[in-house]
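One-letter residues, chain by chain:
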Amino acid sequence: MISLSQMLAKLVLFCLTFGQLYAAEILNSTDCSFKYGCFYSPKDCVDDQCEFVAKWRLIEDQIEFIIGAKFDKLKQNWLAIAFSYDKSMGNDSVVACKFNAEANNTVQNYYNPGQFDPELINSKEPSEGLSDVKITNFKGLLICTFKRDKSKNAKNFFDLNENYYLLMAKGDLEKDGSLTYHASDKAISQQKIDFNIALEAKSVKVSTNFVKIHAILMIIAWPFLSTIGILFARYYKSIFPKMNITGVQFWFLIHRPLMLTVCLLSLIGFGFIFSYKNWSWTSQSSVKNFTHSIIGLVTIILSLIQPMMAFFRPDKLADNRPVFNWAHRLVGIFVYSSSSNIE
């Protein structure tokens, strides 16, 4: 008679073997282009070098998807595939697989109106249009399988008889099960895909270099250069008071170029992030990012107004000089405060 410990050992062995076979199935590229359509990222990656994997095949009026992604540590995470009209998030159909080591795993159907904060297509039936769902974890590889109806008479349910760009992303789950922002953990197909046929789709490398350049320039400009420029204007006017170079006091020789550099770096940083966003504004659906963009824009505009005010400033002995002094000071305080809020 088999003991309980032996039964448990066999069960564990079966689960490990099943997980290994399942992982091998999704990483196997030999069946691409004839049995499955395939997507691997990075492009031309092999086996466990792939960050994202997606395979699909037509089964009657449904399309079966097998998607996978690597995680450093799996506890409460999500993995999603999206069908998009372009290479950017916004107006997309999303299927999200939610893995929770301490609770039930779920696969849910979303519509993403903006860059983030997706909405369930049917809050009463989150898995509407999905069937045969299964989520497996094998050595940090999260694998999610499901069948999706090609079309359905439901609002924001995309018809897979049409071609779409494939987008994949992963991230952590909040305690309430909602999705956190994925940052740079994403992959995008090079072209639109016909999911009704078996083909191998190429991925596009998603670079966040422009985001990093934007952040570096803004940090150099505001916490560093603007702080030094303000300190010289506020506390160092008494240093070398008799020194005049081309009619300018020492503190102003430091203050002016620093603040002009702040304006220049801010404009360049704005250009980099706007280019990264494909010259489109941040969607209001992502409240945090949208707020950041508005405060940042106001900060840059006011920082450009400051040197214009200084250029047209009245003479030191003019009656309206105090008006300029207070206006320049108050705008400067507001701009510096707002810059600290967006970093």
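Residue indices begin from 1 for each chain and proceed along its sequence in written order. Per-residue local features of the predicted model are confined to residues with pLDDT of at least 70, and side-chain atom pairs are confined, for both listing and counting, to 80 or more; whole-chain, interface and lining totals are unaffected and use all residues. The side-chain numbers reported here are obtained from all heavy atoms of the structure, hydrogens and water having been left aside.

Q: Is there a simple way to explain the overall build of the protein chain in this structure?
A: The numbering of helices and of strands both runs from the N terminus, where a helix is a DSSP run of H or I of at least 4 residues and a strand a run of E of at least 2. Secondary structure summary: the protein chain contains five helices and 15 strands in total. Three exposure classes are used, based on accessible area relative to the maximum for each residue type with a 1.4 Å probe and protein chains only: buried under 20%, partly exposed in between, and exposed over 50%. For the protein chain, the proportion of its 343 residues judged to be buried stands at 41%. What makes two residues a contact is simply this: any of their non-hydrogen atoms within 4.5 Å. For the protein chain, restricting intrachain contacts to residue pairs at least 6 apart in sequence, the fraction spanning at least 24 positions comes to 58%. A total of about 19,500 Å² of accessible surface is found on the protein chain, and carbon and sulfur atoms cover 59% of it. All accessible areas in this document rest on Shrake-Rupley with a 1.4 Å probe, and a residue is counted as covered only by the protein chains that are shown.

Q: Sorry, what's going on with the pairing of strand β8 (residues 130–138) here?
A: Two faces belong to every sheet, and in a regular strand the side chains alternate between them. By the convention used here, strands pair only if DSSP detects at least 2 bridges between them. By the bridge criterion, seven bridges tie β8 to strand β9 (residues 141–149) in an arrangement that is antiparallel. Across the sheet, K134 pairs through a bridge with T145, a residue of β9. Following β8, the chain reverses through two residues before pairing antiparallel with β9; K139 in that reversal takes a positive phi of roughly 50 degrees.

Q: Just to check I follow, could you spell out the pairing of strand β5 (residues 92–100) for this structure?
A: Burial within β5 is extensive, with nine of its nine residues counted as buried. Along β5, one buried face is formed by D92, V94, A96, K98 and N100 and the opposite face, lined by S93, V95, C97 and F99, is buried too. When strand β4 (residues 76–84) meets β5, the two strands line up antiparallel, connected through nine bridges. Directly across from L79, in β5, lies its bridge partner C97. Examined bridge by bridge, β5 and strand β6 (residues 106–112) share seven bridges and lie antiparallel to one another. Residue V94 lies in a different strand from β6, and its bridge partner there is Y110. Counting the residues in the hairpin turn of β5 and β6 gives five residues.

Q: Would you take a moment to explain the environment of D86 for this structure?
A: Summarising the element assignment, D86 is placed in the loop between β4 and β5. Along the primary structure D86 and L167 are separated by 81 residues, whereas in three dimensions their C-alpha atoms are 9.5 Å apart. Those residues within four positions of D86 in sequence are excluded, and the remaining contacts are Y165 and L167.

Q: Before we go on, may I ask you to explain the state of the cysteines in this structure?
A: In a disulfide, the sulfur atoms of two cysteines are covalently bonded to one another. The disulfide criterion is simple: two cysteine sulfur atoms within 2.5 Å. All told, the structure shown has three disulfides when counted by the stated rule. The disulfide that involves C32 links it to C38, with 2.0 Å between the sulfurs. A torsion of -95 degrees about the S-S bond marks the disulfide between C32 and C38 as left-handed. The disulfide partner of C45 is C50, and the gap between their sulfur atoms is 2.0 Å. Across the S-S bond of C45 and C50 the torsion is about 105 degrees, and the bridge reads as right-handed. As far as burial versus exposure is concerned, C45 and C50 are alike and both buried. Taken in sequence order, the bonded cysteines of the protein chain link in the pattern 1-2, 3-4, 5-6.

Q: Could you clarify how one ought to interpret a nonpolar patch on the surface in this entry?
A: Without a salt bridge and with relative accessible area above 30%, a residue can belong to a patch; like charges are then joined within 9 Å and nonpolar side chains (Val, Leu, Ile, Met, Phe, Trp, Tyr) within 5 Å. Each salt bridge in this description consists of a side-chain nitrogen of Lys or Arg and a carboxyl oxygen of Asp or Glu lying within 4 Å of one another. Together, W281, I294, V298 and F334 line one region of the surface with nonpolar side chains, adding up to about 350 Å² of accessible area. Tracing the chain through its elements places I294 in helix α4 (residues 287–311).

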